[in-house]
Amino acid sequence: MATHTKRRIGTVDVSAIGLGGMPMSIEGRPDDESRSVATIHAALDAGVTLIDTADAYHLTATDDGHNESLIAKALASYGGDTSDVLVATKGGHLRPGDGSWTLNGSPEYLKQAAEASLKRLGVDAIGLYQFHRPDPKTPYADSIGAIRDLLDAGKIRQAGISNANPEQIKQAQEILGGRLVSVQNQFSPAYRSSEPELELCDELGIAFLPWSPLGGISKASGLGEKHPAFHRIAQELEVSPQQLTLAWMLAKSPHVIPIPGSSRPETIRDSYAAVDLELTPEQVAALDAS
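Throughout this description, residue numbers start from 1 for each chain and increase along the sequence as written. Selection of residues for local features in this predicted model requires a pLDDT of at least 70, selection of side-chain atom pairs for listing and counting requires 80 or more, and totals for whole chains, interfaces and linings are taken over all residues. Derived side-chain values reflect all non-hydrogen atoms in the structure, with water molecules and hydrogen atoms excluded from consideration.

A.B. asks: How should I be thinking about the sheet that holds strand S8 (residues 128–131) in this particular structure?
C.D. replies: A pair of strands counts as paired when DSSP detects no fewer than two bridges linking them. Per the convention used, a helix needs a DSSP run of H or I reaching at least four residues, while a strand needs a run of E reaching at least two, with both numbered from the N terminus. The parallel open sheet is built from seven strands, whose spatial order is S3-S4-S5-S8-S9-S10-S11. Because the sheet does not close on itself, it has two edges, and the strands there are strand S3 (19–20) and strand S11 (207–211). Where strand S10 (residues 180–186) and S11 come together, five bridges link them in parallel fashion. Paired with Ser 182 across the strands is Ala 207, a residue of S11. Sheet strands in contact with helix H5 (residues 166–175) are strand S9 (159–162) and S10, and its direction is about 160° off that of S10. The contact definition used throughout considers only heavy atoms, calling two residues in contact when any of these lie within 4.5 Å. Axis angles are defined between N-to-C directions and span 0 to 180 degrees, where every axis is a line fitted to C-alpha atoms and, for a helix, only to the segment in contact.

This is how it looks when you write it as structure tokens:
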């Protein structure tokens, strides 16, 4: 990869655009597993070296970790070298199979979940393990303490958190002894309330991973229609509004690494092309103000 296409998560250099695996393993996921594998292979071909997943990315209550298993299968069947691919997964958010999401941030559960993810991914240690979402029934310090224990035990190589506020970021950084490497929060043209967390990560030198950067599975295709400035500037640059959105995020901070979800080869190729799209300060300011 060229230097400008790389960003850093802790001690690991990764592609500036990652691949979010959720659309391949959730309601409405592709019926054809081969298309999902082809999507992951297309991402690797393009230069993606960060793949984000979670044990809760599955459709029914009987296929826990579907996406983790799918990613492991795709990496194993890829013809090229995958030694530099960082697979990031998460635990603490559950999918009972009825369309709902539940939470379990207990230390016991998180340690069990990490062990299960480790086996599904088929690795000696998870490259990046993230606490998926705070559980009101469990003190945040206890949940992060479990992540610290996993790190100390060598079960995970790096630790991150997701859906966290600034206070939780600081608390996690303290409990982990300065070893917090990433924060994954929702951030998109339509959802900008994570600006304070993005700015804090920038100050601390921690990677900020926007999830649903294009607005989510059902809304990504209509991004340009809902956000006129993104549509207008995308037209001027002759790129898709989606690609422009990712380039805008990259321009906001060198610590931002968007992880757009995809279940088709053509969409991840378009997303990855954002690494080569340079915006002027005026364009970034116009998008910020929109």
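A.B. asks: Quick question: what am I supposed to make of the UniProt feature "domain: NADP-dependent oxidoreductase" (unreviewed entry) in the chain here?
C.D. replies: Taking the UniProt record as the reference, the feature "domain: NADP-dependent oxidoreductase" (unreviewed entry) is found at residues 16–289. Counting secondary structure, residues 16–289 comes out at 43% helix and 13% strand; the distance between its end C-alpha atoms is 24 Å. UniProt positions are given in the numbering used here, feature names are shortened, and annotations may be inferred rather than shown by experiment.

A.B. asks: Would you mind going over helix H1 (residues 33–46) with me for this structure?
C.D. replies: An α-helical segment advances 3.6 residues per turn. Residues three or four places apart therefore align on the same side. Under the convention used throughout, the expected extent of a helix is 1.5 Å for every residue step, that is, one less than its residue count. Here H1 contains 14 residues, and its C-alpha end-to-end distance of 20 Å stays within 8% of the 20 Å for a straight helix at 1.5 Å per residue. Buried, partly exposed and exposed residues are distinguished by accessible area as a fraction of the type maximum, computed with a 1.4 Å probe on protein chains only: under 20%, between the cut-offs, and over 50%, respectively. Those residues of H1 lying buried are Ser 36, Val 37, Thr 39, Ile 40, His 41, Ala 42, Ala 43 and Leu 44. In this fold, the buried residues of H1 make contact with S3, strand S4 (50–52), helix H2 (66–77) and helix H10 (265–272). Among the residues trailing H1, Gly 47 stands out with phi positive, at a value near 125°.

A.B. asks: Help me understand the layout of surface pockets, please; the structure alone is not making it clear to me.
C.D. replies: The volume enclosed by the largest pocket comes to roughly 890 Å³. Looking at the largest pocket, it is lined by 37 residues, and the ones nearest its centre are Pro 23, Ser 212, Gly 216, Ile 217 and Gly 261. Of all the elements, H10 adds the most residues to the lining of the largest pocket, at four residues. We call Asp, Glu, Lys and Arg charged. Ala, Val, Leu, Ile, Met, Phe, Trp, Tyr, Cys and Pro are nonpolar, and the rest, Gly among them, are polar. Taken together, the residues of the lining of the largest pocket break down into 12 nonpolar, 16 polar and nine charged. Put simply, the grid is 1 Å and covers the protein atoms alone, a cavity is a trapped set of points that fit a 1.4 Å probe, a pocket is an open set with protein on both sides within 12 Å along at least five of seven lines, and lining residues have an atom within 4 Å of a point. Grid points are joined across faces, edges and corners, and a volume is the space filled by probe spheres set on the points.

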